[in-house]
Amino acid sequence: MKVAFATGGLVLSAATLGLVFYEISGGFTPSRSASTSSTLPLSPKHFTPVQVVSSEKSDSLGQHKLIKLKLAKELRPPSSTLAPVFSVYLKDSDIQVERAYTPLKGLDENGEMMFWIKRYENGEVGRWFHRRTVGEQVEIRGPTRTFDWEDGKWDEVVLISGGTGITPFYQLLHNVFTRTENRKPSSEGASVPRDTHFTLMHASRSPETLPPPIILDDLRKWANEHPERLSLRLFVDRRQGDANDALDIRRGRINEESIQAVRKERKLAKEQTWLEWLRGTATGPDRSKKVLFVVCGPEPYVFRAAV
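Since we're looking at a predicted model, the values are computed, not measured.

A. Summary view of the side chain of His197. On the secondary structure map, His197 appears in strand 13 (residues 197-204). At 3.2 Å, the side chain of His197 forms a polar contact with the side chain of Glu156.

See the structure below:
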């Protein structure tokens, strides 16, 4: 399979399996050329100061933090500039580089953005962000569109993520399941998400490093309330004691077998012909369905998922 990839780890493929993947967002970028403004609304063209209003560990290992930033009212951008999936660039003022991060629920009505950030040993910006304390100011610019989302364009969307790569997917699903303009009336009079079905396959190294409740509780709620719209599959490399056996997680990695299981469950592959059965060849995608596969995670993870 042909793969085009660059640091950042967000890749799209408009196919069920085995077609072209292409890069959407980058990683570290020099930020020396962008100015800072404390009077103009948030924009990709300049940096804007924001305040850290909370910073909490989300696991006992101290690898992940939930960090909330607040944007002053006069600095908030027009809502029309906020795509269904967007990120902002955070500047490490010590070494003057920036990195894109995805706010979990976008920009809320209070001007707040929540981020789930992992601290990597070789990740300068992430380590710098982890060290910021409540009351400090940091600089961001954006919003920048992560990828285009058009409601109703796809019949099936399969989202495959590793680690904090789940954040753009959570932002997309939060938009789909909570924004009234993305919902339609049901026969019972209630509003439900539109027709696209999502399958989210997420992998973490252990239950300890799974996404925090602020993410998983919503995903489980949406999957339970709207199984016709969302399926959730969680994977861990290893479990930690019997207490975790009750969790709705699978042991092992997301691999070809688990992806093929989703294809079969969601009927994403056409029925095998007798000739294919006789030859032992696999079936191709069902061309009557519009299917989108999206993979997001660290670079090695994306390569494993893509090949």
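Structure's up, so let's keep going.
B. Focus on the environment of Arg145. Residue position: Arg145 is located in strand 9 (residues 137-145). Relative accessible area serves as the criterion here: at 52%, Arg145 is assigned to the exposed category. Distance in space between the C-alpha atoms of Arg145 and Ser87 is 6.6 Å, their sequence separation being 58 residues. Not counting chain neighbours up to four residues away, the residues in contact with Arg145 comprise Ala83, Pro84, Val85 and Phe86. Here Asp148 takes part through its side chain, which lies 3.4 Å from a polar atom of the side chain of Arg145.

C. The arrangement of helix 2 (residues 167-178) in detail. With 12 residues, helix 2 should cover 16 Å at 1.5 Å per step; its first-to-last C-alpha distance of 16 Å lies within 8% of that length. Of all 12 residues making up helix 2, 11 are buried, and the element is well covered by its neighbours.

D. Fine view of the confidence of the model for the protein chain. For the protein chain, per-residue confidence averages 81 on the pLDDT scale, and 73% of positions sit at 70 or higher. Across residues 1-9 the pLDDT falls below 50, and counting only partners more than four positions away or on other chains, this stretch makes 34 contacts in the model. A low-confidence stretch, residues 13-27 stays under pLDDT 50, and its non-local contacts, those more than four residues away or across chains, total 58 contacts.

E. Structural detail: unusual backbone geometry. Of the consecutive residues Gly142 and Pro143, the connecting peptide bond is found in the cis state with omega at 0°. Of note in the backbone geometry, Gln96 takes a positive phi value of approximately 55° without being a glycine. With respect to the secondary-structure elements, Gln96 resides in the loop between strand 6 (86-92) and strand 7 (97-101). Owing to a relative accessible area of 26%, Gln96 belongs among the partly exposed residues under this scheme. In the Ramachandran plot, Lys267 falls in the positive-phi region, its phi being about 55° despite a non-glycine side chain. Given a relative accessible area of 57%, Lys267 falls into the exposed group.

Conventions used here
Residues numbered from 1 in each chain as written. Predicted model: local features only at pLDDT ≥ 70, side-chain atom pairs only at ≥ 80, totals over all residues. Heavy atoms only, no water. Helix = DSSP H or I, 4+ residues; strand = E, 2+ residues; numbered from the N terminus. Polar contact = N/O pair within 3.5 Å; in protein donor to acceptor, adjacent residues only side chain to side chain. Buried < 20%, exposed > 50% of the residue type's maximum accessible area, 1.4 Å probe, protein only. Contact = heavy atoms within 4.5 Å. Expected span 1.5 Å × (residues − 1). pLDDT = per-residue confidence, 0-100.

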